[in-house]
Amino acid sequence: VSQAASWLKVDGFTRKSMRKAQKQKKSQGSSQFRTQTFTELSPLPQLKDAPSTEQQELFTQKLQQCCMLFDFMDSVTDLKSKEIKRATLNELVDYVSTNRGILVEAAYPEISNMICTNIFRTLPPSENPDFDPEEDEPTLEASWPHIQLVYEFLLRFLENPDFQPSIAKRYIDQKFVLQLLELFDSEDPRERDFLKTVLHRIYGKFLGLRAFIRKQINNIFLRFIYETDHFNGVAELLEILGSIINGFALPLKAEHKQFLMKVLIPMHTAKGLALFHAQLAYCVVQFLEKDPTLTEPVIRGLLKFWPKTCSQKEVMYLGEMEEILDVIEPTQFKKIQEPLFKQISRCVANPHFQVAERALYFWNNEYILSLIEENIDKILPIMFGSLYRISKEHWNPTIVALVYNVLKTLMEMNSTLFDELTASYKSDRQREKKKEQEREELWKKLDELKLSDAAALVQNNSHGLQNNNSNNNNHQENQEKGTAVIATDHEDPVVAMDTAENVKGVKTAK
Amino acid sequence: MLQFICFGSNHIKQNVFFRMQDLQDLDNETCWLVKELKSYIAQEADFLPRETGLNIMESAAEVGIAIPVTQFYILYLPFSSVLMCYFDVLLWCLTFIFQNHNGVSAKCRNAKVEDLWSLASFFGFSTQTFVLAVNLLDRFLAIMKVQPKHVPCIGVSCLHIAAKMVEDECNISPTHELIRISQSKFTVSDLSRMEKIISEKLNLELKAITALTFLHLYHAVIVSLTSERGEIPSIERLEAQLKACLCQLIFSKAKPSVLALSVITQEFDALQSLAMLEIVQELQRHLKIIDSELLYWRGLVAKCMTEYSSSECNKPDNKKLVWIVSRRTAQNLHANHFSVPELPTIPEGSWDESESEDSCEDMSCEEDSLCGSPGSDAEGAFFPSEFCNQGRK
């Protein structure tokens, strides 16, 4: 699948992933060391067949049985036992989903033990140190057949109507949560998906753990942004945060605003932004919908971190900006319109056609248009110059057509202002042209003199240096005087070119 | 209102007071200018669009039946399909008749002229090109009965003809570019055929004397006659105002000489420049322009200018424009509509959740700590104005 996908991004170079696929794959490392001596699992009777008095005991036995871990690296050993465990786990999942009254207090420690034993493990180091999440196939968890069911069981356990957080909190504590969060770095997306749902439920049910969870997520993110630049579970964590932010009470607590400005905004600078941008943008927009006064700092923050060399990121930022503008209040808009549109006017003139297109497409948004309309007198002067320039200079015809649309829209909004700007732009251009012409002529004159006065120049060289040291940087003044003196350094091979008349002029000036 | 200034009033500066009757008192340049004016006035009638044609356009009703067709569909949906077929056919016939036999309306022409303004501005054509194009358009529409669907082609053709006559060769974009930018549906060959037709119908009298010609001459005369340079509005400003007027069909009925003079007079009136108004009045007298005519057009120009300079924004009709983007951007836009996340919202508790039951260890926090310890709710400068500088460590 990744090969098919990678052909969509053809840029003339062989994809890294294709080269890698040709390399032989090492077997996945495992951190689990089997200390226990292996005993074969003996199948226990079915829970549904057992009489109700014995069910509890049987349930406990099965849970304990499932604490036996198997090596999935080896695909031939212990097949029978693995199957027994898998079937047992399946049965347990059903049992917990369908029956009531089974979650007695004694069951909690057993359940917790089984879960911890199975899923809490140190994740093996990535066998691919250059793992590129966008291109490479992730390494999937080998023991997934069992682990998947354990996760399933954990979820059903949490969602069981008889579930009591007051009892469970003895086992689902801070240590549990910490270990859970570490698992988010798993390369297996299926595991992360389960973890996401599990943590979401835990956050919902365990009010006492909420602050801790938030703090730990902060730490993970900060480590990710400023230290490691690596964490596979950012998108999932952000998705959970999205649902949390959505539920914030007003007025927003200071802690949450801190989180927005100190963590979420800087997170935009991460290299792998493409993997979690959708979720990140959602979180940001949710914040703004909760508290519109955050708009100005957020937009200023984004402008501060605006990508300068990565066009793909720039397109993402523009998308996010449009989402923000969709929910912005007009009073807030007024505060940031000038720095924002200065950036947009730069984007519009960007030689990368996707960036320019995305920026120009803002004018297709009705709400943004209405905002521009209200503030046309401030915005049009900012946009005008670059729009007019690229209408003549941009290489991409689609962009030129879009610029026409934008100019036409702006013209219809306020013809007077538009005409004034056109007139001043034209006169500016004319002045520039005149300057260029003058400069051209100056160079021509120099060229003509170079050959004829070669001898005279050598003589006048020292004079030139003495008289014009002070004018070293003031070549504009020189131009006006009509001189063409260029002071030389010792290393500079260019000889000072004094024309005969100019030397005279300089001497008299002195 | 044109104010008749008493000569000898205190407001008038002595050096502006002059009488144009004595031609030999004026310098050569002004003399020549006035002669030009007179000869142009003699010829201007040749380039006026036919008045009857303009009147027809003004009275032509806008096509109004196209829209109710859809409404009929909605209304008659419960009826039998046979009945609907009959209505279909009937309505289609009616639409066809009304649409194609109504001719071009003033509204249609005005919209087209605005488009030409945008195009001329975009391609950097001079005002002269635009004014000439409008003149050709009006003259053609006044003598030919055309279907509204051909107006876009006619408009662009006029612009192209005008550009070829006025602009430098290098400044004219290729025709396919003109067609692409104007989002027109006709082809290059359509365009050249239409240009030929237009040229023929206008008897190849394409280089017209327009209001712009007069505007430039008037401006030159005024500039040469007064030393008060600061008070004279720039020619660009006057041109812009003339362009705004030309967007309304009514002004095509005016004689170019009168229209140009109206624009100038209106501007001087707005600037309350009594001295200038005096010059204009002399000019008017000399060129034998009728007072009532000038007054009439002055009024209309004034109204037009109020609309033009009002700071009220006109909501642009965005639906007319087609936004074409590249395939990649289109994919991007489509994918970017963030779907509602699957996870249900977790409402924040009303009690202070920042206290966790198990005491959280005191991690090394910065002063604006992210810890959930009590006191994080304290009001404070969590948004110091220089937060930008704070974050970077």
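Since the model is a prediction, treat every value here as computed from it, not as a measurement.

Across its full length, chain A carries 24 helices and zero strands. Burial status across chain A gives 52% buried among its 510 residues. Long-range contacts, defined as pairs at least 24 residues apart, comprise 75% of the intrachain contacts of chain A with a sequence gap of at least 6. In the structure as shown, chain A presents an accessible area of about 24700 Å², 52% of it carried by carbon and sulfur atoms.

Along the backbone of chain B there are 16 helices and zero strands. Each of the 393 residues in chain B was classed as buried or not, and the buried ones make up 46%. In chain B, the share of contacts with a sequence separation of at least 24, taken over all contacts with a separation of at least 6, comes to 81%. Carbon and sulfur atoms make up 56% of the accessible area of chain B, which totals about 21500 Å².

Glancing now at the nonpolar core. Residues and elements named next belong to chain A. Ile202, Phe221 and Trp363 are the most contacted members of the largest nonpolar core, which totals 234 residues. Here the element with the most residues in this core is helix α20 (residues 397-413); it accounts for 11 residues. The contact partners of Phe221, leaving out residues within four places of it in the chain, are Val234, Leu237, Leu238, Leu241, Phe259, Val263 and Met267.

With that settled, consider the UniProt feature "transmembrane region" (unreviewed entry) in chain B. Within the UniProt annotation, "transmembrane region" (unreviewed entry) is assigned to residues 73-97 and 117-137 of chain B. Counted over residues 117-137 of chain B, helix gives 86% and strand 0%. Its end C-alpha atoms are 13 Å apart.

In this section: the environment of Leu238(B). With respect to the helices, strands and loops of the structure, Leu238(B) is situated in helix α11 (residues 235-246). The residues contacting Leu238(B), other than those within four sequence positions of it, are Leu215(B), His219(B), Pro233(B), Val263(B), Ile264(B) and Glu267(B).

Looking now at the pattern of salt bridges. For the structure on display, the rule yields 33 salt bridges over all chains. Here Asp291(A) makes a salt bridge to Lys257(A), at a shortest N to O gap of 3.6 Å. In this pair, Asp291(A) sits in the loop between α13 (277-290) and α14 (295-304) while Lys257(A) sits in helix α12 (residues 254-264), placing the two residues 34 residues apart along the sequence. Among the ionic pairs, Glu293(B) bridges to Lys255(B), the shortest N-O distance being 3.6 Å. Here the residue Glu293(B) occupies a position in helix α14 (residues 291-309), and Lys255(B) occupies one in the loop between α11 and α12 (256-271), the gap between them amounting to 38 residues. For Glu293(B), a relative accessible area of 19% translates into the label buried. Where salt bridges share partners, they join Lys408(A), Glu412(A), Lys112(B) and Asp115(B) into one cluster.

The next point concerns the packing of helix α17 (residues 353-360) of chain A against helix α15 (residues 327-335) of chain B. Where α17(A) contacts α15(B), the axes come no closer than 10 Å and their chain directions differ by 55°. Put simply, α17(A) runs oblique to α15(B). In this structure, α17(A) meets α15(B) at a crossing whose hand is right-handed. Across from Gln354(A), Glu357(A) and Arg358(A) in α17(A), the residues of α15(B) making contact are Arg328(B), Thr329(B) and Leu333(B). Residues of the contact of α17(A) with α15(B), tallied by class, amount to one nonpolar, two polar and three charged.

Once that is clear, we can look at the packing of aromatic side chains. Two aromatic rings, taken as a pair, are described by how far apart their centres are and by the angle between their planes. Residue and element names in this part refer to chain A. Summed over all chains, the structure comprises 28 aromatic pairs over all chains. Ring plane angle 90° and centroid distance 5.1 Å describe the contact between Phe157 and Phe163, whose orientation is recorded as edge-to-face. Like Phe157, the residue Phe163 is buried in the burial classification. With a centroid separation of 5.3 Å and an interplanar angle of 70°, the aromatic rings of Trp306 and Tyr317 are classed as edge-to-face. Taken as a pair, Trp306 in the loop between α14 and α15 (311-327) and Tyr317 in helix α15 lie far apart in primary sequence, 11 residues in all. Like Trp306, the residue Tyr317 is buried in the burial classification. Following the ring pairs from residue to residue traces out a cluster consisting of Tyr108, Phe157, Phe163 and Phe206.

This paragraph deals with α17(A). Judged by how many residues are buried, α17(A) sits mostly within the fold: seven of eight residues are covered. Those residues of α17(A) not exposed but buried are Gln354(A), Val355(A), Ala356(A), Glu357(A), Arg358(A), Ala359(A) and Leu360(A).

With that settled, the discussion passes to empty space enclosed by the protein. All names here are of chain B. Counted by the stated rule, this structure contains nine cavities of 30 Å³ or more. Size it by volume and the largest cavity reaches roughly 150 Å³. Surrounding the largest cavity, 15 residues form its lining, Asn135, Ala211, Leu246, Ser252 and Pro256 being those nearest its centre. Elements that contribute at least two residues to the lining of the largest cavity include exactly α6 (127-143) and α12. The element that contributes the greatest number of residues to the lining of the largest cavity is α6, accounting for four residues.

Glancing now at the UniProt feature "domain: Cyclin-like" (unreviewed entry) in chain B. The UniProt record annotates "domain: Cyclin-like" (unreviewed entry) at residues 114-200 of chain B. In residues 114-200 of chain B, the share of helix is 72% and the share of strand is 0%. The end C-alpha atoms are 25 Å apart.

Okay, the side chain of Asn414(A) next. By the element assignment, Asn414(A) lies in the loop between α20 and α21 (415-452). Among the polar contacts listed, one links the side chain of Asn414(A) to the backbone nitrogen of Thr416(A), at a separation of 3.3 Å.

This next bit is on unusual backbone geometry. In this model, Leu250(A) is joined to Pro251(A) through a cis peptide bond whose omega is -5°. Backbone geometry at Gln183(B) places phi at a positive 55°, although glycine is not the residue there. Tracing the backbone shows Gln183(B) in the loop between α8 (175-181) and α9 (188-201). Non-glycine residue Lys288(B) carries a positive phi angle of around 60°. For Lys288(B), a relative accessible area of 69% translates into the label exposed.

With that settled, consider the packing of α15(A) against α17(A). Residues and elements named next belong to chain A. Interhelical geometry of α15 versus α17 gives an angle of 5° and a closest axis separation of 9 Å. When the axis of α15 is compared with that of α17, the two are roughly parallel. Contact residues: Ser311, Glu314, Val315, Leu318, Gly319 and Glu322 in α15; Gln354, Val355, Arg358 and Ala359 in α17.

Basis of the calculations
Residues numbered from 1 in each chain as written. Chains lettered and ligands numbered in written order. Predicted model: local features only at pLDDT ≥ 70, side-chain atom pairs only at ≥ 80, totals over all residues. Heavy atoms only, no water. Helix = DSSP H or I, 4+ residues; strand = E, 2+ residues; numbered from the N terminus. Buried < 20%, exposed > 50% of the residue type's maximum accessible area, 1.4 Å probe, protein only. Contact = heavy atoms within 4.5 Å. Areas by Shrake-Rupley, 256 points an atom, 1.4 Å probe, with all protein chains shown as cover. Core = buried A, V, L, I, M, F, W, Y, C linked by side-chain atoms within 4.5 Å. UniProt positions renumbered as here; feature names shortened; annotations may be inferred. Salt bridge = Lys/Arg side-chain N within 4 Å of Asp/Glu carboxyl O. Axes fitted to C-alpha atoms, helices over the stretch in contact; angles between N-to-C directions. Parallel < 35°, antiparallel > 145°, perpendicular 65-115°, else oblique. Left-handed = near helix turned anticlockwise from the far one by under 90°. Nonpolar A, V, L, I, M, F, W, Y, C, P; charged D, E, K, R; others polar. Phe/Tyr/Trp six-rings, centres within 6.5 Å; stacked < 30°, edge-to-face > 60°. 1 Å grid on protein atoms, 1.4 Å probe; cavity = no way out; pocket = protein on both sides within 12 Å on 5 of 7 lines; lining within 4 Å. Points joined across faces, edges and corners; volume = space filled by probe spheres on them. Polar contact = N/O pair within 3.5 Å; in protein donor to acceptor, adjacent residues only side chain to side chain.

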